[in-house]
Amino acid sequence: MLQKRRNILLAVFLQLILHFLPADTYSQRLLHTTYRLNENLYDAGSENVSGYIRVVYQTRNKLLFVGTKFGFCIYDGNKFRNYTRFGEKYIGGVNDFAELEDGRVAILSSTHGILVLDKNVLRAMPVLPQTPVARFFSFHRTTDNALLVSSNNGIYRFKHDHFVKTPVSGGSNANFYYDIENIDDDLLIASNGPGSPFILFDSKYHIRKKFPISNIVYDVQEDHRGNLWMATPAGLKKASRQKLLDGILEFETMPAPLARSGIDSKIVISLYADPYSNLWAGTAFGGLFRIDTLFNVTQFHFPNGFSFDRVNCFFEDAEHNLWLGTENGLVKIPDPRIVKYISNDGLQSSTINKVWSFNGDVLGISTSNIFQANEHANPKITLVDTLPEATSVFSTDKYLYAYSTRSLVQTQKINGRYQSKKTALKLPADLTFKRGAVAIDEQTFLFPLNTGGIFLSNVENGSVLNGISYLVEQMYYDHTDKLLWTSELNAGLRAYRVDKGLSLVCTDTSISRNVSAMSAGKNGTMWLATRDKGIFLVIMENNRLKVLQHITRQKGLSSDLYTSILESKEGKIFAGNIASVDIIQRIKDNYVINNLAAQLGYYNEVYSLAEDGFGNIWAGGLNGLLMLPADANLLSVNSSQTMITRMQLNDSIIDLHDLMSGRSFVLMPHQNDISFEFSSPYLKSESMVKYVYRLLRKGDTAWSQPFTNTTLALKDLPPGQFVFQVKALYAGGSITSNIAAVSFRILSPWYRSWWFLTLCVLSLAGLLYALYRYRLRQVIRLQQVRNRIASDLHDDIGSTLTNINILSSLGRRNLDEPAQAREFLDRITEEVNSSSQALDDIIWSVNTSNDGLDETAARMRRYAAELFDAGNVRYEFDLDSDLAQRKLSMEQRRDFYLVFKETLNNIFKHAEAKNVWINVQIEKGNLIMSVRDDGKGFDVNADTHRNGLKNLRARVNRWNGYIQVKSAPGMGTIIVVSMPVKA
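Residues numbered from 1 in each chain as written. Predicted model: local features only at pLDDT ≥ 70, side-chain atom pairs only at ≥ 80, totals over all residues. Heavy atoms only, no water.

Participant: Report on the overall build of the protein chain, specifying residues and quantitative values.
Facilitator: Looking only at helices and strands, the protein chain has 10 helices and 71 strands in total. Looking at the protein chain residue by residue over its 983 residues, the buried ones come to 51%. Long-range pairs, those at least 24 residues apart, make up 53% of the contacts in the protein chain between residues at least 6 apart in sequence. When the accessible surface of the protein chain is summed, it comes to about 46700 Å², and 50% of that surface belongs to carbon and sulfur atoms. (Helix = DSSP H or I, 4+ residues; strand = E, 2+ residues; numbered from the N terminus. Buried < 20%, exposed > 50% of the residue type's maximum accessible area, 1.4 Å probe, protein only. Contact = heavy atoms within 4.5 Å. Areas by Shrake-Rupley, 256 points an atom, 1.4 Å probe, with all protein chains shown as cover.)

Listed below in structure tokens is the structure:
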């Protein structure tokens, strides 16, 4: 029992050692991008999905579906959209996706069976029979395009609009299947569940062979050599496809490199065979493994920059990106062959001063050694020799030379291996070399000096060249034209003819005063990298430089400051700068530029570039070494659809289902601030996509200038019918396969509607007519006033003057009778006084300053005093204090005053009263006057020829008022007058 326990502990210990040991002495780092599913969402308030990814899938329109342990999400190249619920219930874990022929996407949910997403609406997919309830694991498309799904209850097949269980002839209906894979056009294999056999059956679902195995098989992949690889909890297993078809399944002995890596004892859960003949294996606790055609193994895990311990699934999309589903996010590898190296990955130092192509190999120097980089049959970094304070490297046809400030190392390939010999150069003690040396021939070398000038050396002897004293920044030797090019900081370029000495033939400062690197182009051209103006392609004509191409930041470069440049055999331009590398291609007269910092997250101050014999490009710099394959997959030629993914109004968001329906939207007038989000799933490099849009209205057809934003806000749109259109532009000038469009109509506000404008026109016409009528009434009223004044003057003043004239005539006739004449003169005086008073009343009535009731009351008081004081009649005048705040129109004021005056005159002339009581007040908007006397009274019902009371009633009735007269002989008289106050 004790021995058994020791064996178990020893096995666990060995497993831990294998887990933490690297796969081999050689190591690399993958360039990859990590996506966190819940960090870039269309709806920031949506429920989070799990970061534990089970499956990745892409639809025909290139949307990326990501299934997790809790719900799923869709990535469209711009943002993620999360789905966590089906109705009120949680979706749970998502195991797989499959796109149906009509564009709907079937989804395997751990809690709801098979769901289908149709225009952003989730529905349940019928499964027959309904019992027992199956747990579904994965979809599979056969070679004849049949859609199968594996489960713990056998195999189901999609028919029309449902899934139906498909019996497998010769087997149990309750077989447990994890995975189904094609072997050829007619045969399939199904990996089993616990205690179930490994099954081989044909396309008619007839079992050919059962292979009893003890392990669960999670995944099966076939490589290009016909090997079958199986992912099991007991490690990676290898079998022969041909033997399997012959009815034999046996696990073969692992090749030695695989056995050393320990992958045959790890928990392997996913497999993928890439187009480059590599096999990838995802493990539960050991990260990611890559196995090449020679079975060399590279493990990617925490020590070499791959921050994920578990890889659950692989998926290669339409643009040949490799996607990994991990326990904590989604990983994209644009090209798995692009790798980088730092000091822990075989280099002795992370700083690479120079890389150089020599006879098809790439060698380089770090700060203290010389190394060879190999990325072909047996990838590795090989140390060639040590060289403290290594400065640079150059070569002749036979030898490669690396040098430090005062030492030179000669390197030659002998029997497939590089061997070196060190030489101490003879040069004055005060001179040291700087980078940039060139070889003129096998025996003549030129070294730039740190103190300025150039040192000429033939290894054994050397001297400083005459005529060059400036500090040389860079040198480049054109062997064909025998021209030595030098650059000086802030002084441009110089070209020297090399023929038994150096003769200056060209000086140029017009291109740039700060040329930082030079390299050969095609057909006698030369590429220049500058520190301030981007890059140039030039050619020498008549001892002058001619610019053939000039590429700047405005044309797509990531910077205008470059430190290195190289044109590959394929014609691609590689330009290194202080942040990364730009790859420049000319496609259809357009520059297509890939920036590795933006696309791969690769950041490095690149000092040097070189191309090996296989066309691979090597970039060395401050932070290690980068290898780009000759056919690096960084530019996708597949165009994608453009989609409008979000439409937000001032106060609401249009539902995605409605947006996908294609219908036109009717918006309220205040919903005229609209923002759109759109995307095109160009997943090779999302940042390289540009967009153009137009807003169609009344014949507008012009597209906007290209822009990179995926959001556009349209503000203060006027009412009307609109069609918003947007399309994507891709690298190389290609455009999207469709134009995304949304049609909408903004209603006019009520104050701009036809009925309101009609009402306004009618109201304005009515107002103008009312103003006209008012003006006409005012004119008529004014004319009436004039007529009344004329009538009053005629009736009162005119009749009075007539009477005076008559009385004057009568007086002249009776001059001989003084008494009679005096009577006529007295009457003339009365008439004059009466005329004066009538004229005063007319003037008072038309004066607007007397419109206030207080002025009217004051005149009434004065009149009563003048009248009653002369007749010894006692009177009391009681006025309401609110009279001062009220005004009467001119005519109403005149009539009210005349009613008062007539009433008092009648009392004075006929009542023989001793006391008079007058009360004037405002009550409920009516002006009420009450006059009471203690005179002899009269019979109000008696007939009379006088018009006094009739005139009073006429004046009061004119203003819709009333007059009440109470009197009886010997009882006095009470007169009450009421009329509405009309200012």
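Participant: Run through the UniProt feature "transmembrane region" (unreviewed entry) in the protein chain, naming residues and quoting values.
Facilitator: Within this structure's numbering, the places UniProt gives as "transmembrane region" (unreviewed entry) are residues 754-772. Span residues 754-772 is 100% helix and 0% strand, its end C-alpha atoms 26 Å apart. (UniProt positions renumbered as here; feature names shortened; annotations may be inferred.)

Participant: Can you lay out the packing of aromatic side chains for me, pointing to particular residues and giving the numbers?
Facilitator: For any pair of aromatic rings, geometry is given as the distance between the ring centres together with the angle between the planes. For the structure shown, the criterion picks out 49 aromatic pairs. Within the aromatic cluster, the residues linked to one another by ring pairs are Phe-394, Tyr-399, Tyr-401, Tyr-403, Phe-433, Phe-445, Phe-447 and Phe-455. Its guanidinium or amino end placed over the ring of Tyr-42, Arg-81 lies 4.3 Å from that ring's centre, counting from NZ or CZ. (Phe/Tyr/Trp six-rings, centres within 6.5 Å; stacked < 30°, edge-to-face > 60°. Lys NZ or Arg CZ within 6 Å of the ring centre and 35° of its normal.)

Participant: Describe the environment of Thr-142, with residues and values.
Facilitator: Position of Thr-142 relative to the elements: it lies in the loop between strand E14 (136-141) and strand E15 (147-151). Assessed through its relative accessible area of 11%, Thr-142 is described here as buried. Placed 44 residues apart in sequence, Thr-142 and Asp-186 show a C-alpha to C-alpha distance of 9.0 Å. Apart from residues lying up to four places away in sequence, Thr-142 is in contact with Leu-148, Asn-182 and Leu-188.

Participant: I'd like a rundown of the sheet that holds strand E69 (residues 926-933), residues and numbers included.
Facilitator: Here 5 strands make up an open sheet; going across it, the order is E67-E68-E69-E71-E70 and the pairing mixed. Of all the strands in the sheet, just strand E67 (874-879) and strand E70 (962-967) have a single pairing partner and so form its edges. The average angle at which neighbouring strand axes cross in this sheet is 10°, direction not considered. Along the sheet face, helix H8 (residues 853-870) touches E67, strand E68 (915-923) and E69 and points at about 175° away from the line of E67. (Pairing = 2+ DSSP bridges. Axes fitted to C-alpha atoms, helices over the stretch in contact; angles between N-to-C directions.)

Participant: If you had to explain the nonpolar core to someone new, which residues and values would you point to?
Facilitator: One finds Phe-72, Met-647, Phe-676, Phe-724 and Phe-744 to be the most contacted residues of the largest nonpolar core, which totals 48 residues. The contacts of Phe-744, once residues within four sequence positions are left out, are Met-647, Ser-664, Phe-665, Leu-667, Ile-674, Phe-676, Leu-695, Leu-717, Gly-720, Gln-721, Phe-722 and Phe-724. Within the second largest apolar cluster, 36 residues are counted, among which are Leu-867, Leu-888, Val-920 and Met-929. (Core = buried A, V, L, I, M, F, W, Y, C linked by side-chain atoms within 4.5 Å.)

Participant: Tell me about the pattern of salt bridges, and please be specific about residues and values.
Facilitator: For the structure shown, the criterion picks out 26 salt bridges. With its nearest N and O atoms 3.7 Å apart, the salt bridge here joins Glu-611 to Lys-569. Of the two residues, Glu-611 sits in strand E57 (residues 606-611) while Lys-569 sits in the loop between strand E53 (562-567) and strand E54 (573-577), which places them 42 residues apart along the sequence. For Lys-569, a relative accessible area of 56% translates into the label exposed. Each member of the salt-bridge network shares a partner with another, and the members are Lys-79, Arg-646 and Glu-677. (Salt bridge = Lys/Arg side-chain N within 4 Å of Asp/Glu carboxyl O.)

Participant: Outline the pairing of strand E51 (residues 535-541), supporting the account with residue identities and numerical values.
Facilitator: Taken across its 7 residues, E51 has 5 buried, putting it largely inside the fold. Relative to E51, strand E50 (residues 526-530) is paired through 4 bridges, and the arrangement is antiparallel. What sits directly across from Met-526, in E51, is Val-538. From the end of E50 to the start of E51, which pair antiparallel, there are 4 residues, and Gly-534 there has a positive phi angle of about 80°. Pairing geometry for E51 and strand E52 (residues 544-551), over 7 bridges, is antiparallel. Bridge pairing in E52 places Ile-535 opposite Ile-551. Between E51 and E52, which pair antiparallel in sequence order, lie 2 residues; one of them, Asn-542, sits at a positive phi of approximately 55°.

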